[in-house]
Every structure is written in C-alpha cells, then in structure tokens.
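# Examining the three-dimensional arrangement
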Amino acid sequence: MKFKINRDHFANGLAQVLNVVGSKATMPILSNVLIEVGKDHITLTTTNLDLGIRVKIKADAKETGAVTLPVKRLATIVRELPNVDVTVDASANHQVKLASGGSTFRIMGIGKEEFPPLPDFGDDKVFTLEQAELITMLRSVDYAQSTDETRYILNGVYLSFRDNKLSLVATDGRRLALVSKELETPAASAGHIILPAKSVAELERMLGKGGKLKISFNDRRAAFQIATDKDTSGLIDHIYLYSKVVEGNYPNYQQVIPKETHQRLKLERELFLQCVHRAQLVCSEKANSVKIKLTTNLLEITAQSPDFGEAHESMAVAYSGTELQVAFNPAYLLDPLRALTKDEVFLELKDEVSPGVFKTLENFVCVIMPVRLS
Amino acid sequence: MTPRLPAIVHLDADAFFVAVEQARDPSLRGKKVAVGGRERGIIASASYEARACGVFTPMPTARALKVCPDLILVSPGGGGYSGVSRRMFDLCETLTPVVQRNSIDEGYLDLAPCGHRTAAEVEAAVRGLQRKIWDELQIPVSFGLATNRLVAQIASKLRKPRGFVVVPPGAEGEFLAPLGVGKLPGIGGKTEAALAERHGIRLVRDVLARGEAELESIFGRGWREVAAMARGEDDRPVQTEHEDAKSYSQQETFAADIGDFAAIERVAKGMVDELLPAIRADGKRARTLTVKVRYPDFAQETHGRSLATASDLEADFYPLVGPLLRAAWRRRSPLRLVAVRFSGIEDASAQLEMFAATDEKRRRLAGVLDRLNKKPGTAAVRRGHQLVPGQGPHSGAHGRPQPSKLTQDRARRP
C-alpha cells in the first residue's frame, strides 16, 4: 500500500473521523482508523461499533492496499508535518512510513482483517433531505436531550417521518423541543428512530459540506450519506455515517404540548435572552430559577439567591391579559432562545403550575415545565 | 443599662425515655426501670433507682440484667418519645421564643429578650416552667441557669434529678473551680484519668493554677479554649435554627443472628418505610441509599448506591435494597445487625416534571399513608413486604422492625 496525499486534505479527513473511537481495553483496533487506498482516493473509517464514520479523500494512489493506524496520534502528526506533500507507505508487517519534506515517521499499525466492517447504507426506509435544513432543525432541539443515563430513551433526538412531515423531538422530562417540516412520507417508508446523542453531535459536525443527504433506517440502525459537493478541502463523494438507534418507546410527547393558548406574547428574542441571562447571574445551584411576572404591557424578570442577592429586569411588551407569575429554570429559557435565529418568538403562558411554551412561525415548539413558586 | 442576668438556661430531662414510660404507666415509678432493646440491645435510659444498682447508658442489656437482675426492662417499641419531647419544647416556647433544641431531651433557652429585671424574676419564670412540664407531662427536668451556655449546661447536670442550679453573674469561675475537670465538655474519662495521673490536674481550679506554657504543653494547640472553659467563659449564642439533617438512618440488632436473606431484606425495607416518611415530613429528598451489615464478630460492611436524581418515594429505593444487601453481605455467615442510611439529602425539587404523572400519584399516595400512619407505633397501613407468611400482620419477631427511635439517629453534622 502506497499513496501520495496533500497534508491538509489528509488532516481534514482525519479530523472528520477522529471522534469516533472505541474503548481501548476491549478492542484495541477500535482506536485505529482504517485507511484503504482506492484508485484516486483513500477511504478513512472509524467505528466504536455503535457509531461509524467513513470519508473519502483525494489522493494519488501508487499501490492499493489497506492498514489501520492509531487515529488520534496520526491526526496530530499529520497536522504538524512540515511539507504539504505527504507520502504514506505500508510494509507487509503493517509498519507505516510517513514522509513529508525532511520528516519521516514510522508508525506501528494493525492489519485491516480485525477491523469490524461498517454495515451498508441499506435500502430500508430512505429519505432525501437538505443538509442546511436538517442542521437547523437539529440545532433547534438538540439542547433538550437528556444526559441522565438512567433515562436512556431520552438520550437522543427522536426523528419521525410520518403524516407527510418530518418531526424532530428532544426532551429531558423537564422541557421538550419539537420542530417539524413538510416532507413526503410514503406509507411504506413512514417510521421513526431515536438517534443517540453522540450520533446527533457527529451528524451535526458533518452536515453543511454539501447540498443533500440521504438517510436510511430501520428499527435497529440508521445510515446517512452526506454529500460533500461544497467541500474544498479534499473530501469527495459523500461522508457515510452509520449509527445504532436507541431501542425503546419514546414517550408520548404530543400529550405534554398544551393544546390551548391562554396568554400569548410576542418577544424580541435577543432582548428577552439578554434579560434572562442577566437575571440568571444571581442564581445559585440551590436557587436556580427566574420569575416572570406579566402585568399590562410589562414583563418583569426577577431572580434571587438568599446568600447573594437579587436581580430585577423589566421589558415593555404588548400584553393585556390577566396578571400572572411563573418561574422557570433560566437555562431552560436560554437554550431555545440561543438556538433560534428568528428575531421574534412567541411565549405562551397560563399560570404558575402550567408549562411555558415558546413558538415561532416555523413549526417550532419548546415546552418548559415551571419551577414551583415558593 | 440592664444588669447581667443568669438568663441562659440549659434544660436536661432526667432519664427521659424512662420518664416517658413512667408517665404512661405510673406503676413503674420508683422502680428499677430501664428502656432498652431486649436480648442483645443496649440500655438507652435507666431510672435513678436502676442507676444506683450500676446500670448505665449505653450498656448492653445482657450486662445490665446481670448487675441488676430485678431490672424492669421496657422495650422502646411504644414510641411517642418525640411527641413528648416536642410538647416539652413547646412549653419552653411559652417562656421565650429563643429555644435551641439540641436533642430529644436537652436544649437551651435564652430569657434575655423577655424583659426580666432581676435574677429572682428569671429564676421564678424557670421554676414555673419546671413545674409546668411536670404537671402536664410528668417529665422531671433539671435546669441550669447562668450567663452562658457552657456554665448553664454544667450547672444543669450537677444536681440531677430535678436539679435547679443558678450560677450568679460573675461567679462562673468560682462555681467551676471546685468541680472535677471531667465536667468540662470535651474532657472524657480517658483524658480525665490521664490529666490526674500525669499532671496532677483533678479539679477545674488545677487548670487555672498552671501557667500558659505548661497548659500549652499539656493541652496542645487548643489550650486557650480549655483555659477559657475553666474560667467559665463562653460566647456562643443560643441558636434557634437547627441544621438540616444530613442523613437519616436506622439500624436493628437482631435478637438472634439471622441468616435468612428474605427476612433481612424485609427488615431493611421496613426501615426504608420508616425513614422516607420522616424525609418527606422534612420536605427533603435523598439521593443515596446505603445498607450496612454486621456479622456476629462485629466485622461490618456497607454498600451504597445513588439514584440519578434524588427521590422521596419508596418505589425508587425498593429495587436497590436487595442488591445492596447482597453486595454488602458477602460472607457466608448470618448477620447480627442491619442498618439503612439515606444520605445526599436535598431540598425537594420545585422543578415540575413532564412525564411524572405516576410519580405525582405515588407522592399523593405516600402523603395519604403518612397521615394514616402518623400516630407513633400504630401503623394503620403497611406494605405487603412487611407481612411474614404464616404470621399475622401484627406479630413481632423479625418480620416487623420496631420503630426503634433510640437507634434512629438523624445525624446532624455541622
């Protein structure tokens, strides 16, 4: 196996795959990247068995073949090489020679035989989406995923392809974010998956390098083909991402989204965000809530912690409903406000024990459970 | 300027648990009575008649019965101690709002805010309280009155039972000087013996007779505190707010070693059933459950596990009991004792949950059960796992752990 490659392309390719490594103790080869030499490219693959990524990079192949090398160390070395031209040459005993300018490295590799193959894309249920659209949708819900490992069902984003709609949902049991868009969903392809948090993070990293992506899924796994047609740093064809899905029943999220609107107010997103953020500065771990008080045309935000002090923020709003007060964990307010990009958001409130709901005109809903007022 | 008054009062109930039992059954008065666990328990409280025979606390019951064979042993099952204690402190609060409850049977009052002008007025008020506690609860209490907590506390213990010692302002040093140095807090039996043997310090006055350098060499870095104590100086205020409990625990020593896993698991679950209502009553939640086992040779092991989020519901902790007990109980030998401890105590979260309909229902159920079971010693509704096959719901043995208030220490650590 031998090839010549542009250092920056090689480094960029390795950067795409290097987050996905398995635990070294159980299967050492999972900390390695599989390098396969094709005609005019090389393929880089990493996997931790739950999640795998494969990218193709332009390269000048001299001799086909394959080898695996420790991905983290390799990526560091490649980034630091002195010359933009790099040659890689593997001997029969999996020892790899890396040369660039006056630098030469010899790295011990492992044969490709032990490397677990990535399952194929599959032809279960397939949809084609716009990358830009999917990344916006993912970002508007991903913060609401649970990190509590005992609630593993919630440790991911729920994707539903049904009723001519793609819906993404994330919740940790205290707040829930939902975004949807129209999408043709033929009966045969309708279905849903829970994509694990780690896969969501990697997918978000991969998106935006091209126009379209294709997703295929069944009850156990999902696969993504992410076009790289807008990439200028060596990636060709598409990025392939394979992921197991969280198996289990996602909670019935529809039932926690209030059906009726009681009090609705339009807010300047950035202004409201800043007010909540400032009020939050006095919160402590024990007193982690901000109180929202609505009176005619006035919204007040207060926060206090007994051992520090208090904050009071006020903003003018168009409001003529009944006076009401409700308290929330400030982070639960800030997360959706930061994730959204529109200038205006709607906030719907009812009373101190009912959830608050953020909405935008684009099929976005974020339901936030209040903190009981003491 | 108001004159200095002996307005700091220490009250200390005399043989509290025994007194409660005697109030319940007056035929026990004047007899050698002790409250304690049977067979292998310990004496928690002994009447003064029993003490005269050499029964003291904490003494293994078996030994107490040896030194005093006609001892009347009352098991603490009847409970009601905390109720009597609460009523006793309620009576204290009729005197002054500044009441510091230190334990079930002992605490401090500060009468300074009550506007008494003379020491005689203070004394009359406290004597009235002593009478009132006896009239209403039949609990004998000893009082110490002084200008600070340290001296008041030493004074109250001086003439038990039904003691009433007033140390006039300015006479603190004089009062302490002739007392044994062991009366000072922090100087226990061993230290006392060592001071007498090695340094010839027997009385408090002997401490004051030594020079600074000598005191430093005897007491080390804390010598200044010891000297201040010996002079009767103390500026700690009477604190009405108590620290929140840091943990809730309960333990049971079995009458005979038990090797039956199911029986012990039942006992441990019974403790969970007793402790969680207390946690709920305090408006708290617990995160960690620890199970401790003790073998007949007193070797012991503990095993604990934490929930992802704190809870106050039995249903969340039940599944941990069996595995923890199995993990702690590794030796193939029967057990002498099992204990359960809740820690990682947090304020009940005010954050509402979305999918918590079940939890809310459970919490409502728990609230109803807590109210039904409120009367001590009379559990009206019990969980199925507390029933022993072949025995009635009220049979004792190991099936139903007695509400052993004596060992239920709600450790309050500063």
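Remember, it's a predicted structure, so these values are computed and weren't measured experimentally.

## With respect to the overall build of chain B
What chain B contains, in helices and strands, is 14 helices and 13 strands. For chain B, with 414 residues in total, the buried portion stands at 45%.

## Examining the overall build of chain A
When helices and strands are tallied, chain A shows 6 helices and 25 strands. Within the span of chain A, comprising 374 residues, buried residues form 53% of the whole. Surface exposure of chain A reaches about 17500 Å², of which carbon and sulfur atoms provide 47%.

## Things to note about a positive patch on the surface
Residues and elements named next belong to chain B. Taken together, the side chains of Arg86, Arg101, Arg371 and Lys374 define a basic patch exposed on the protein surface. With respect to the helices and strands, the residue Lys374 is situated in the segment after helix H14 (357-372). We classify Lys374 as exposed; its relative accessible area is 67%.

## A look at the packing of aromatic side chains
Residues and elements named next belong to chain B. Across all of its chains, the model carries 12 aromatic pairs over all chains by this definition. Ring geometry for Phe17 against Tyr81: centres 4.7 Å apart, planes inclined by 85°, an arrangement best described as edge-to-face. Placement of Phe17 in helix H1 (residues 16-24) and of Tyr81 in helix H4 (residues 81-93) is noted, with a sequence separation of 64 residues between them. Note on Phe17: relative accessible area 13%, which makes it buried. Given a relative accessible area of 0%, Tyr81 falls into the buried group.

## Here's the deal with the nonpolar core
Among the nonpolar cores identified, the biggest contains 101 residues, and Phe10(A) and Phe272(A) are the most heavily contacted of them. Core analysis: the next-biggest nonpolar cluster, separate from the first, contains 35 residues, Val33(B), Met88(B), Leu129(B) and Phe143(B) among them.

## Observations regarding a nonpolar patch on the surface
All names here are of chain B. Together, Val368, Leu372 and Val381 make up a nonpolar patch on the protein surface, roughly 220 Å² of accessible area in all. By the element assignment, Leu372 lies in helix H14. Assessed through its relative accessible area of 46%, Leu372 is described here as partly exposed.

## Some thoughts on the packing of helix H12 (residues 261-281) of chain B against helix H13 (residues 314-328) of chain B
Residue and element names in this part refer to chain B. Viewed as axis vectors pointing N to C, H12 and H13 meet at an angle of 145°, and their least axial separation amounts to 10 Å. Helix-helix and strand crossings are classified by hand; for H12 and H13 the assignment is right-handed. Between H12 and H13, the residues in contact are Phe261, Ile264, Glu265, Ala268, Lys269, Val272, Asp273, Leu276, Pro277 and Arg280 and Glu314, Phe317, Tyr318, Val321, Gly322, Leu325 and Arg326, respectively. Counted by class, the contact of H12 with H13 contains 10 nonpolar, 1 polar and 6 charged residues.

## What to know about the packing of helix H10 (residues 212-219) of chain B against helix H11 (residues 223-230) of chain B
Residues and elements named next belong to chain B. It is the contact of H10 with H11, at a shortest axis distance of 9 Å, that shows an interaxial angle of 110°. One way to sum up the angle between H10 and H11 is to call them roughly perpendicular. Classified by chirality, the crossing of H11 by H10 is right-handed. Residue-level inspection shows Glu212, Leu215, Glu216 and Phe219 of H10 in contact with H11, the latter providing Trp223, Val226 and Ala227. For the contact of H10 with H11, the per-class residue count stands at 5 nonpolar, no polar and 2 charged.

## As for the side chain of Glu106(B)
Note on placement: Glu106(B) falls in strand S6 (residues 106-110). Buried charge Glu106(B) goes without a salt bridge, the closest partner of opposite sign being Lys157(B) at 5.2 Å.

## Notes on the sheet that holds strand S19 (residues 290-295) of chain A
Residues and elements named next belong to chain A. One open sheet holds the 4 strands; their spatial order is S21-S20-S19-S22, and the pairing between them is antiparallel. Lying at the two open borders of the sheet, with one neighbouring strand each, are strand S21 (309-316) and strand S22 (324-328). Strand-to-strand, the axes of this sheet are offset by a mean angle of 20°, without reference to chain direction. Contacts between helix H5 (residues 269-280) and the sheet are confined to S19, strand S20 (298-305) and S21, with S21 contributing the most and set at about 170° to the helix.

## Points about the pattern of salt bridges
Residues and elements named next belong to chain A. Taken as a whole, this structure holds 34 salt bridges over all chains when the rule is applied. For the salt bridge of Arg205 with Glu202, the shortest nitrogen-to-oxygen distance reads 3.0 Å. A residue pair is termed a helical-turn pair when its members lie 3 or 4 positions apart in one helix, as Arg205 and Glu202 do in helix H4 (residues 197-206) at 3 residues. By relative accessible area, which is 33% here, Arg205 ends up partly exposed. On the basis of relative accessibility, which here comes to 3%, the residue Glu202 falls in the buried class.

## Focus: H12(B)
Residues and elements named next belong to chain B. Taking 1.5 Å as the rise per residue, H12 with 21 residues should run 30 Å; its terminal C-alpha atoms sit 31 Å apart, in good agreement. The buried count for H12 comes to 15 of 21 residues, which makes it a mostly enclosed element. A distance of 3.1 Å separates the backbone nitrogen of Ala262 from a side-chain oxygen at the start of H12, and that oxygen is part of Asp260. Of the residues trailing H12, Gly283 is marked for its positive phi of about 70°.

## Topic: the sheet that holds strand S5 (residues 99-103) of chain B
All names here are of chain B. Within the open sheet, the 5 strands sit side by side as S5-S6-S1-S7-S8. Their pairing is mixed. Edge positions in the open sheet fall to S5 and strand S8 (164-166), since each of these has one partner strand only. For this sheet the average axis-to-axis angle between neighbouring strands, irrespective of direction, equals 15°. Helix H6 (residues 149-156) contacts strand S1 (8-13), S5, S6, strand S7 (141-146) and S8 of the sheet and is inclined by roughly 145° relative to S7.

## Considering the confidence of the model for chain B
Residues and elements named next belong to chain B. Summary statistics for chain B give a mean pLDDT of 84 and a share of 89% for residues scoring 70 or more. Looking over chain B, one finds the lowest element-wise mean pLDDT in H14, namely 76, and the highest in S7, namely 96. Here residues 393-414 is modelled with pLDDT under 50, and outside its nearest four sequence neighbours on either side it reaches 55 contacts, counting other chains as well. In the predicted complex, the global pTM is 0.63; the interface-specific ipTM is 0.82.

## Side note on the pairing of strand S4 (residues 51-58) of chain A
Residues and elements named next belong to chain A. Bridge count for strand S3 (residues 41-47) against S4 is 7 bridges, and the pairing is antiparallel. Counterpart to Thr43 in the pairing with S4 is Lys56. Here S3 hands over to S4 after 3 residues, with Leu49 in that stretch at a positive phi of 80°. Two elements, S4 and strand S17 (residues 235-244), share 6 bridges in a ladder whose sense is antiparallel. What sits directly across from Arg54, in S17, is Tyr240.

## Thoughts on the side chain of Ser343(B)
Within the secondary structure, Ser343(B) sits in strand S12 (residues 335-343). Excluding anything up to four places from it in sequence, Ser343(B) contacts Lys246(B), Ser247(B), Ala286(B), Arg287(B) and Thr288(B).

## Things to note about the interface of chain B and chain A
Contact residues are listed per partner, giving 9 residues for chain B and 20 residues for chain A. When chain B packs against chain A, close to 1400 Å² is buried across both sides, 61% of that on carbon and sulfur atoms. Among the residues chain B hides against chain A, the three largest losses belong to Leu352(B), Met354(B) and Phe355(B). Together they make up 52% of the total. Between Glu353(B) and Arg151(A) there is a salt bridge; the shortest N-O distance is 3.8 Å. Taken together, the links from chain B to chain A amount to 4 residue pairs in polar contact (both at pLDDT 80 or more). For the side of chain B that touches chain A, the per-class residue count stands at 5 nonpolar, 2 polar and 2 charged.

## Some details on the environment of Gly173(B)
Within the element layout of this structure, Gly173(B) appears in helix H7 (residues 172-176). Linking Gly173(B) and Arg205(B), residues 32 residues apart in sequence, is a C-alpha distance of 8.6 Å.

## Notes on the pairing of S22(A)
All names here are of chain A. Among the 5 residues that make up S22, 4 are buried, leaving the element largely enclosed by the rest of the structure. Examined bridge by bridge, S19 and S22 share 5 bridges and lie antiparallel to one another. Across the sheet, residue Ile292 finds its bridge partner in S22, namely Val326.

Rules used throughout
Residues numbered from 1 in each chain as written. Chains lettered and ligands numbered in written order. Predicted model: local features only at pLDDT ≥ 70, side-chain atom pairs only at ≥ 80, totals over all residues. Heavy atoms only, no water. Helix = DSSP H or I, 4+ residues; strand = E, 2+ residues; numbered from the N terminus. Buried < 20%, exposed > 50% of the residue type's maximum accessible area, 1.4 Å probe, protein only. Areas by Shrake-Rupley, 256 points an atom, 1.4 Å probe, with all protein chains shown as cover. Patch = residues over 30% accessible without salt bridge, like charges linked within 9 Å, V, L, I, M, F, W, Y side chains within 5 Å. Salt bridge = Lys/Arg side-chain N within 4 Å of Asp/Glu carboxyl O. Lys, Arg positive; Asp, Glu negative; His and termini not counted. Charge placed at Lys NZ, Arg CZ, Asp CG, Glu CD. Phe/Tyr/Trp six-rings, centres within 6.5 Å; stacked < 30°, edge-to-face > 60°. Core = buried A, V, L, I, M, F, W, Y, C linked by side-chain atoms within 4.5 Å. Axes fitted to C-alpha atoms, helices over the stretch in contact; angles between N-to-C directions. Left-handed = near helix turned anticlockwise from the far one by under 90°. Contact = heavy atoms within 4.5 Å. Nonpolar A, V, L, I, M, F, W, Y, C, P; charged D, E, K, R; others polar. Parallel < 35°, antiparallel > 145°, perpendicular 65-115°, else oblique. Pairing = 2+ DSSP bridges. Expected span 1.5 Å × (residues − 1). Polar contact = N/O pair within 3.5 Å; in protein donor to acceptor, adjacent residues only side chain to side chain. pLDDT = per-residue confidence, 0-100. Buried area = accessible area lost by both parts, 1.4 Å probe.

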